[in-house]
Amino acid sequence: MKIGIIGGTGPEGRGLAVRWAAAGHHVVLGSRDAARASDAASRLGGAEGSVKGATNLEAARISDVVVLSVPFGAQTAVLTELSPQISGKIALSVVAPLAFVAGRARFAPPPTGSAAEDARLQVPAARWAAGFHTLPAGDLLRAGDPVDADVLLCGDDADAKRAAMTLAGDIRGVRAIDAGSLESARYLEAATALLININRIYKSHASFRITGLEKST
Ligand SMILES: NC(=O)c1ccc[n+]([C@@H]2O[C@H](COP(=O)([O-])OP(=O)(O)OC[C@H]3O[C@@H](n4cnc5c(N)ncnc54)[C@H](OP(=O)(O)O)[C@@H]3O)[C@@H](O)[C@H]2O)c1
């Protein structure tokens, strides 16, 4: 797949890029600044697929799947600019709207319920799915180690959710789990705050595993 990551110069975007490139995908890191994107891409290197840099606009234009990986505060402006490029494409939100109060993470959702539902409201012509929120960038960037986690994906567009689940399963060590409709994004985004706070208490890199699924299949 050709994957464009909007805000791809950040740790989460770079972490996902390195894992997907290792699985053979072609990844374009997007940025407001093409030179910053190219620099970030060249520093990743060494993957089976490829990682290139471009403006966010170009990354969205040339990709089959567009991953939104910007701070929630930037989402509206970014989607306003990219709406024509994203429309009709599979769009995957990893955005978690969080506030940090006295060192603790707190879920700070918009009135629509979640960043993903807000994105869909803004660009309804895109085919939205959401997930990957509980995969910390630090774990993704340790490219030599498998990621020991389940990744929960949600969405109402069957093709978009299938693509998201495929991309999750392409990350070594990850099991992809269908978490239902896009409305579940509010729980996944909120769980990110919970996980950050657990990791702060335990000084750990913990993530989520869902148990008992094998018994039902
Ligand atoms: N970090 C994690 O472990 C993690 C885990 C799960 C989910 N997430 C979520 O994934 C998203 C990205 O996380 P991150 O840690 O990579 O975020 P980040 O470093 O704060 O931001 C990612 C990129 O967004 C761009 N950006 C920043 N402010 C912007 C603005 N006002 N307008 C347009 N673009 C802007 C920047 O790229 P340019 O300056 O190059 O344009 C930046 O490198 C966030 O929503 C976060 O909640 C993060």
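Residues numbered from 1 in each chain as written. Predicted model: local features only at pLDDT ≥ 70, side-chain atom pairs only at ≥ 80, totals over all residues. Heavy atoms only, no water.

Overview of the pattern of salt bridges
Alright, step 1. This structure, assessed with the given rule, holds 14 salt bridges.
Alright, step 2. Put simply, Arg-175 and Asp-150 hold a salt bridge, and the shortest N to O gap is 2.7 Å. Of this pair, Arg-175 sits in strand 10 (residues 174-178) while Asp-150 is found in strand 9 (residues 149-155), placing the two residues 25 residues apart along the sequence.
Alright, step 3. Residue Arg-175 is classed as partly exposed on the basis of its relative accessible area of 24%.
Alright, step 4. Between Arg-209 and Asp-150 there is a salt bridge; the shortest N-O distance is 2.7 Å. With Arg-209 in the segment after helix 8 (185-202) and Asp-150 in strand 9, this residue pair connects regions lying 59 residues apart in the sequence.
Alright, step 5. Of the residues examined, Arg-209 reaches a relative accessible area of 41% and is grouped as partly exposed.
Alright, step 6. Relative accessible area serves as the criterion here: at 0%, Asp-150 is assigned to the buried category. (Salt bridge = Lys/Arg side-chain N within 4 Å of Asp/Glu carboxyl O. Helix = DSSP H or I, 4+ residues; strand = E, 2+ residues; numbered from the N terminus. Buried < 20%, exposed > 50% of the residue type's maximum accessible area, 1.4 Å probe, protein only.)

Quick notes on the environment of Leu-57
Alright, step 1. If you trace the backbone, Leu-57 turns up in helix 3 (residues 56-62).
Alright, step 2. The partly exposed category is assigned to Leu-57, whose relative accessible area is 35%.
Alright, step 3. Linking Leu-57 and Val-27, residues 30 residues apart in sequence, is a C-alpha distance of 14 Å.
Alright, step 4. Apart from the residues lying within four places of it in its own chain, the contact partners of Leu-57 are Glu-81, Leu-82 and Gln-85. (Contact = heavy atoms within 4.5 Å.)

With respect to the layout of surface pockets
Alright, step 1. Of the pockets and cavities examined, the largest pocket occupies roughly 720 Å³.
Alright, step 2. Along its surface, the largest pocket is lined by 33 residues, and Pro-11, Glu-12, Ser-69, Val-70 and Pro-71 are the ones closest to its centre.
Alright, step 3. Every element with two or more residues in the lining of the largest pocket is listed here: helix 1 (11-22), strand 2 (26-31), helix 4 (72-86), strand 6 (98-101) and helix 8.
Alright, step 4. Among the residues forming the lining of the largest pocket, the class breakdown is 18 nonpolar, 12 polar and 3 charged. (1 Å grid on protein atoms, 1.4 Å probe; cavity = no way out; pocket = protein on both sides within 12 Å on 5 of 7 lines; lining within 4 Å. Points joined across faces, edges and corners; volume = space filled by probe spheres on them. Nonpolar A, V, L, I, M, F, W, Y, C, P; charged D, E, K, R; others polar.)

Side note on the site of the ligand
Alright, step 1. Around the ligand, 20 residues are found, and the nearest of them are Thr-9, Ser-31, Arg-32, Arg-36 and Val-70.
Alright, step 2. The side chain of Arg-32 places a nitrogen or oxygen atom 2.8 Å from an oxygen atom of the ligand.
Alright, step 3. Backbone polar atom of Ala-137 to an oxygen atom of the ligand: 2.9 Å apart, as the coordinates give it.
Alright, step 4. The fraction of the free accessible surface of the ligand (880 Å²) that becomes covered by protein chains is 73%.
Alright, step 5. Of the pockets mapped on this structure, the ligand occupies the largest pocket.
Alright, step 6. Put simply, the parts of the chain that give the shell around the ligand at least two residues each are helix 1 and helix 4.
Alright, step 7. Here the residues of the shell around the ligand are counted per class, giving 11 nonpolar, 6 polar and 3 charged. (Near = heavy atom within 4 Å. Polar contact = N/O pair within 3.5 Å; in protein donor to acceptor, adjacent residues only side chain to side chain. Areas by Shrake-Rupley, 256 points an atom, 1.4 Å probe, with all protein chains shown as cover. Sits in = over half its atoms within 2 Å of the grid points.)

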